[in-house]
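Descriptive structure summary
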Amino acid sequence: MLGRSEPVAVVIGAVLVWELAARFGLLPPKDFPPATLIARAFLADLRSAELWTGITASLEAWGIGMLIVIALALPAGVLLGSSAITYRLSYLSLEFIRTLPAIAALPILMFTYGVSQQLVVALVVLAGLWPLLIQTMYGMHDVDPIAIASAKVYGIHGWRRFLLVDLRSCLPYIATGLRVSGTFALIFAIAASLIIGGQGLGDAMAQAARIDDRPLLYARVLTCGLLGLCLTLGLAVFERRALCWHSSQRGVAQ
């Protein structure tokens, strides 16, 4: 069974391979600067106001967008999944809609919002809405019939059954949906400013590309990766704490 040190060793090994390949000319030096230069640029960039402005703008769009996603997706998923009829009627349509790339709506959103933070938030909502909505719908539809029958035997009906049985059964699905939605939403929060400009982290990467500073460009890509990693780990910790009672979290290292 793998411990915590093995993934770190793999990352260190990959960085060493990159460094040696760049130093010995196995990689084009202009396109693939040595890892040490990238690390130097990364540390210097941490003192840059441009970087933190981009991070703040992207996280702001992500946070506002995810609040809207949660407010829309959870009630809709519960309503659509709690009835066998609504589940069957909506399943195929939602599966089709979620395959449409959110970026396809960019021209329409640009006409509506222009190049603004509202446009980025709208893209974040489109990217994050469907995973959480569909997972919530799946969770409500997949409540154990034995648990429902047991609740009836004990006289648990209505809102009490929803809170004690249906919602508790659905929570693992919601947690998975939040993790997937949060990741997709962050990708779009960063990518939107890369495509359309603005003040996000994507625009900070575009600025480094425009001045042809490859170490800085890779450093900002590294920043994006670390931001995504922190988000994923944070959501995983939240899931473990919120679902510590669930069988899926038993035996998970704390």
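Calculation rules
- Residues numbered from 1 in each chain as written.
- Predicted model: local features only at pLDDT ≥ 70, side-chain atom pairs only at ≥ 80, totals over all residues.
- Heavy atoms only, no water.
- 1 Å grid on protein atoms, 1.4 Å probe; cavity = no way out; pocket = protein on both sides within 12 Å on 5 of 7 lines; lining within 4 Å.
- Points joined across faces, edges and corners; volume = space filled by probe spheres on them.
- Helix = DSSP H or I, 4+ residues; strand = E, 2+ residues; numbered from the N terminus.
- Axes fitted to C-alpha atoms, helices over the stretch in contact; angles between N-to-C directions.
- Parallel < 35°, antiparallel > 145°, perpendicular 65-115°, else oblique.
- Left-handed = near helix turned anticlockwise from the far one by under 90°.
- Nonpolar A, V, L, I, M, F, W, Y, C, P; charged D, E, K, R; others polar.
- Core = buried A, V, L, I, M, F, W, Y, C linked by side-chain atoms within 4.5 Å.
- Buried < 20%, exposed > 50% of the residue type's maximum accessible area, 1.4 Å probe, protein only.
- Contact = heavy atoms within 4.5 Å.
- Expected span 1.5 Å × (residues − 1).
- Bend = angle between axes of the 7 residues up to and from the residue.
- Salt bridge = Lys/Arg side-chain N within 4 Å of Asp/Glu carboxyl O.

1. So, empty space enclosed by the protein
- Applying the stated criterion across every chain yields a total of 1 cavity of 30 Å³ or more.
- Around the largest cavity, the lining residues are A175, L178, R179, L235, F238 and E239.
- Mapped onto the lining of the largest cavity, the elements with two or more residues apiece are α8 (158-196) and α10 (214-242).

2. Some remarks on the packing of helix α6 (residues 117-141) against α8
- Closest axis-to-axis distance for the α6/α8 pair is 7 Å, and the angle between their directions is 155 degrees. As judged from the angle between their axes, α6 and α8 are roughly antiparallel. With respect to the hand of their crossing, α6 and α8 are arranged in right-handed fashion.
- Its residues assigned to classes, the contact of α6 with α8 comprises 21 nonpolar, 7 polar and 1 charged.

3. Considering the nonpolar core
- With 41 residues, the main nonpolar core has W62, A73, L94, V120, L186, I190 and L201 as its most contacted residues.
- When contributions to this core are tallied by element, the ones reaching two or more residues are α3 (49-81), α4 (84-98), α5 (106-113), α6, α8, α9 (201-210) and α10.
- If near-sequence neighbours (up to four positions away) are discounted, L94 is found in contact with L80, W130, L133, I134 and M137.
- Core analysis: the next-biggest nonpolar cluster, separate from the first, contains 5 residues, V143, A151, I156 and V165 among them.

4. Things to note about the side chain of D45
- Summarising the element assignment, D45 is placed in helix α2 (residues 35-45).
- Beyond its immediate stretch of four places on either side in the chain, D45 contacts L51, L216 and R220.

5. Quick notes on α8
- If you check α8, its first and last C-alpha atoms are just 48 Å apart, much less than what 39 residues at 1.5 Å a residue would give, namely 57 Å.
- In the structure, α8 departs most strongly from a straight axis at L167, where the bend amounts to approximately 45 degrees.
- Positioned one or two residues after α8, G197 has a phi angle of 90 degrees, which is positive.

6. Structural notes on the pattern of salt bridges
- The final tally for this structure, using the stated rule, is 9 salt bridges.
- Taking the shortest distance from any N to any O, the salt bridge between D45 and R220 comes out at 2.9 Å. With a gap of 175 residues between them, D45 in helix α2 and R220 in helix α10 connect regions that are remote in the sequence. The residues D45 and R220 share a single accessibility class, namely buried.
- The closest approach of N and O atoms between D203 and R210, which form a salt bridge, is 3.5 Å.
- According to the relative accessible area criterion, D203 is buried, its value standing at 14%.

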